[in-house]
Amino acid sequence: MKLQRKTRRALALGALAVSGALALTACGSDDTGGKNNAGSDSSTAASNSSIKCDDAKGQLLADGSSAQKNAIDAWVKQFSQACGVQINYKGGGSGAGVTAFTQGQVAFAGSDSALKPEEVTASQKVCTDGGQGIDLPMVGGPIALGYNVPGVDNLVLDAPTLAKIFDSKIKNWDDAAIKKLNPDAKLPNLKIQAFHRSDESGTTDNFTKYLKAATPANWKYEGGKAWQAKGGQAAPQSSGVAQQVKQTDGAIGYFELSYAKDMPTVDINTGAATPVKATVENATKAIADAKVIGTGSDLALQLNYNTKAEGAYPMVLVTYEIVCDKGNKADTLPATKAFLRYIASEEGQNILTENDYAPIPDAIISKVRTTIDGLS
């Protein structure tokens with residue numbers, strides 16, 4: 001009887017050990033929606049990582065840009081496994097993220113547009129010790145135009161045509177302007193279903209900034225995070241727009257390249273010798289032309305949306321992580337600094353390429369690293 005009891009006890013302990021191991025594995029294995037860090041085994045990647053945890057502990061709440069959600073998920077997977085910190089990034093859109101930050105609800109926010117002066121002022125109530133919110137450029141990439149036109153696998157559009165499509169002035173896929181740009185394509189007599197974001201979005205802000213810069217005569221709207229043009233259909237977050245394009249014949253919509261899985265994307269006629277494809281490499285060429293226009297610790301960038309350089313994809317965005325330069329909450333500061341330091345590191349930036357994003361150019365990301373070290 002004693003032997004049987006010992007055997008049963010050993011088996012029970014063994015089962016607990018196995019189930020515990022499985023639970024730990026499950027906690028760190030969420031699907032990011034992008035490539036799984038070059039297909040590497042996550043436990044091996046974490047054990048070989050150079051992530052510095054320092055005094056990081058507890059939980060971090062964050063919200064903002066859905067454009068960078070796939071990148072954040074990939075980063076969180078590695079960081080949480082190495083440091084044991086739980087990070088909950090909602091990805092509810094840039095507008096929601098900035099609001100949550102200025103109301104003191106999150107440790108940091110993600111936004112595809114730099115803080116406006118009134119948002120900086122609002123942040124001063126949350127950032128103590130005379131601090132304020134600052135913009136740290138962390139994620140780059142092309143804004144892809146995914147489309148769903150039966151029988152059309154290659155499509156070229158230019159800024160004037162895009163502006164007219166998204167302003168409901170070109171309504172059919174066999175329109176003369178689209179035919180002229182695609183003489184070899186079999187364009188169907190099919191209504192265009194143009195999808196835009198229903199929520200306030202930095203992706204919308206950057207997309208419309210491109211249209212304003214490249215074809216001001218055809219895009220008269222003021223711009224900003226909220227969609228202003230007439231007509232079209234709306235969906236929430238980049239994932240929502242992408243899903244609608246996938247399932248709707250005649251659809252076209254804008255979102256980050258990482259959301260353009262299993263669908264063709266538009267090549268842009270910029271006036272260069274050949275139309276430019278939406279690729280990470282082509283986006284990096286455009287971002288490298290950006291200038292830092294922020295002051296002090298702020299590293300807001302000015303992008304050149306009207307570039308005609310060969311191979312430079314002009315419809316790009318840069319996502320900023322927004323954090324207090326001074327006066328961060330003491331209980332979240334160590335984890336916030338450790339996470340930001342990791343994602344700005346060479347290892348962290350390499351994950352971007354693996355997930356269809358563009359790393360921030362060296363001259364800019366080196367300034368980001370220095371700024372992060374000085375956060376207090």
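For the structure given in this document, a descriptive report is provided here. (Residues numbered from 1 in each chain as written. Predicted model: local features only at pLDDT ≥ 70, side-chain atom pairs only at ≥ 80, totals over all residues. Heavy atoms only, no water.)

1. Let's talk about the packing of helix α6 (residues 159–166) against helix α8 (residues 202–214)
And step 1. Two elements in contact, α6 and α8, have axes separated by 9 Å at closest approach and are oriented at 125°. Classified by the angle between their axes, α6 and α8 sit oblique to one another. Between α6 and α8 lies a crossing of left-handed hand. On the side of α6, the interface is formed by A159, L162, A163 and F166, while α8 contributes F207, Y210, L211 and A214.
And step 2. When the residues that make up the contact of α6 with α8 are grouped by side-chain class, the tally is eight nonpolar, no polar and no charged. (Axes fitted to C-alpha atoms, helices over the stretch in contact; angles between N-to-C directions. Helix = DSSP H or I, 4+ residues; strand = E, 2+ residues; numbered from the N terminus. Parallel < 35°, antiparallel > 145°, perpendicular 65-115°, else oblique. Left-handed = near helix turned anticlockwise from the far one by under 90°. Contact = heavy atoms within 4.5 Å. Nonpolar A, V, L, I, M, F, W, Y, C, P; charged D, E, K, R; others polar.)

2. Structural notes on the state of the cysteines
And step 1. Taken as a whole, this structure holds two disulfides when the rule is applied.
And step 2. With a sulfur-sulfur separation of 2.0 Å, C53 is cross-linked through a disulfide to C83. In this structure the cystine formed by C53 and C83 twists about its S-S bond by roughly -85°; its chirality is therefore left-handed. In this pair, C53 is assigned in the loop between α2 (42–47) and β1 (59–64) and C83 in helix α3 (residues 69–83), connecting sequence segments 30 residues apart.
And step 3. When its relative accessible area of 15% is taken as the criterion, C83 is described as buried.
And step 4. Across a sulfur-sulfur distance of 2.0 Å, C127 and C324 are joined as a disulfide pair. Of note, the bridge from C127 to C324 carries an S-S torsion of about -75° and is left-handed in sense. (Disulfide = S-S within 2.5 Å. Buried < 20%, exposed > 50% of the residue type's maximum accessible area, 1.4 Å probe, protein only.)

3. Overview of the pattern of salt bridges
And step 1. Under the defined criterion, the tally for this structure stands at eight salt bridges.
And step 2. A salt bridge links D199 to R197; the shortest N-O distance between them is 2.8 Å. With respect to burial, D199 and R197 carry one shared label: buried.
And step 3. In this structure, a network of salt bridges that share partners links the residues D54, R341 and D373. (Salt bridge = Lys/Arg side-chain N within 4 Å of Asp/Glu carboxyl O.)

4. Some words on the packing of aromatic side chains
And step 1. Inspection of the entire model under this criterion finds 11 aromatic pairs.
And step 2. Judged by centre distance (5.3 Å) and plane angle (70°), the rings of F79 and F339 are edge-to-face. Highlighted residues: F79 in helix α3 and F339 in helix α11 (residues 333–344), separated in sequence by 260 residues. Each of the two residues, F79 as well as F339, counts as buried.
And step 3. Centre to centre, the rings of W227 and Y254 are 5.8 Å apart; their planes meet at 25°, and the pair counts as stacked. Of the two residues, W227 is situated in the loop between α8 and β7 (233–235) and Y254 in strand β8 (residues 251–256); the sequence distance between them amounts to 27 residues. (Phe/Tyr/Trp six-rings, centres within 6.5 Å; stacked < 30°, edge-to-face > 60°.)

5. A look at the sheet that holds β8
And step 1. Reading across the sheet, the eight strands line up as β2-β1-β3-β12-β4-β8-β6-β7 and stay open at both edges, with mixed pairing between neighbours. Two strands bound the open sheet, and with one partner strand each, they are β2 (86–89) and β7. Neighbouring strand axes in the sheet, compared pairwise and without regard to direction, differ in orientation by 25° on average.
And step 2. By the bridge criterion, nine bridges tie strand β4 (residues 133–148) to strand β12 (residues 316–324) in an arrangement that is antiparallel. Residue pairing for β12: I134 is matched across the bridge by V323.
And step 3. Of the strands in this sheet, β4 and β12 touch helix α10 (residues 280–287), which is tilted by about 65° from β12. (Pairing = 2+ DSSP bridges.)

6. Topic: α3
And step 1. For α3, with 15 residues, the first-to-last C-alpha span of 20 Å sits near the 21 Å given by 1.5 Å per residue.
And step 2. Every buried residue of α3 is accounted for by N70, A71, I72, A74, W75, V76, K77, Q78, F79 and C83.
And step 3. In the stretch just after α3, G84 is the one whose phi turns positive, near 75°. (Expected span 1.5 Å × (residues − 1).)

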